[in-house]
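# Close look at the chain arrangement
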Amino acid sequence: MADRFFATVSKVLVAQFMVIVWVAGVFMLVYGGQQAKAAAVGGMAALVPNIYFAWRISRSAGLEARKVVRSFYTGESGKLLMTAAIFAIIFQVPNLDILPLLVGYVAVLSVFWFALLMR
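Residues numbered from 1 in each chain as written. Predicted model: local features only at pLDDT ≥ 70, side-chain atom pairs only at ≥ 80, totals over all residues. Heavy atoms only, no water.

Let us now look at a nonpolar patch on the surface. On the surface, Trp-22, Val-26, Leu-29, Val-30 and Tyr-31 cluster together to form a nonpolar patch covering roughly 630 Å² of accessible area. Position of Tyr-31 relative to the elements: it lies in the loop between helix H1 (2-30) and helix H2 (33-58). Judged by its relative accessible area of 56%, Tyr-31 is exposed. (Patch = residues over 30% accessible without salt bridge, like charges linked within 9 Å, V, L, I, M, F, W, Y side chains within 5 Å. Areas by Shrake-Rupley, 256 points an atom, 1.4 Å probe, with all protein chains shown as cover. Salt bridge = Lys/Arg side-chain N within 4 Å of Asp/Glu carboxyl O. Helix = DSSP H or I, 4+ residues; strand = E, 2+ residues; numbered from the N terminus. Buried < 20%, exposed > 50% of the residue type's maximum accessible area, 1.4 Å probe, protein only.)

Written as structure tokens, this is what we have:
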């Protein structure tokens, strides 16, 4: 069961990375490099905390249920704090277009929800 869980997590993370590439590519073709960078940064703002969360959960494999639940809560709290910190850093970058940034962020987050629907 744990192997199936980690295989699913790996597929979601790879799919999220592919969405970053796709969204940034579309922005590159339609609007240019500046918007493509913003879309990629937005996507990475979602992907990096998800990788941290997956790593945190993977460390709890085989532990007793209470420790697994604690790991989920710790991982989710860390993910939220990391996301806030990443956005605080991103908003310090001058001339970064907000719309492509948010499109990249939401597109990557939506991969997780579509993965849940398809399970």
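Two elements in contact, H2 and helix H3 (residues 65-90), have axes separated by 9 Å at closest approach and are oriented at 155°. When the axes of H2 and H3 are compared, the pair comes out roughly antiparallel. You can see that H2 and H3 cross each other, and the crossing is right-handed. The segment H2 lies against H3, with Val-41, Ala-45, Val-48, Pro-49, Asn-50, Tyr-52, Phe-53, Arg-56 and Ile-57 engaging Ser-71, Phe-72, Thr-74, Gly-75, Glu-76, Gly-78, Lys-79, Met-82, Thr-83, Ile-86, Phe-87 and Ile-90. In terms of residue class, the contact of H2 with H3 is made up of twelve nonpolar, six polar and three charged. (Axes fitted to C-alpha atoms, helices over the stretch in contact; angles between N-to-C directions. Parallel < 35°, antiparallel > 145°, perpendicular 65-115°, else oblique. Left-handed = near helix turned anticlockwise from the far one by under 90°. Contact = heavy atoms within 4.5 Å. Nonpolar A, V, L, I, M, F, W, Y, C, P; charged D, E, K, R; others polar.)

Considering only enclosed or pocket space, the largest pocket measures out at about 580 Å³ in volume. Put simply, the parts of the chain that give the lining of the largest pocket at least two residues each are H1, H2, H3 and helix H4 (98-118). Here the lining of the largest pocket gets seven residues from one element, more than from any other, and that element is H2. Considered class by class, the residues forming the lining of the largest pocket number 18 nonpolar, four polar and three charged. (1 Å grid on protein atoms, 1.4 Å probe; cavity = no way out; pocket = protein on both sides within 12 Å on 5 of 7 lines; lining within 4 Å. Points joined across faces, edges and corners; volume = space filled by probe spheres on them.)

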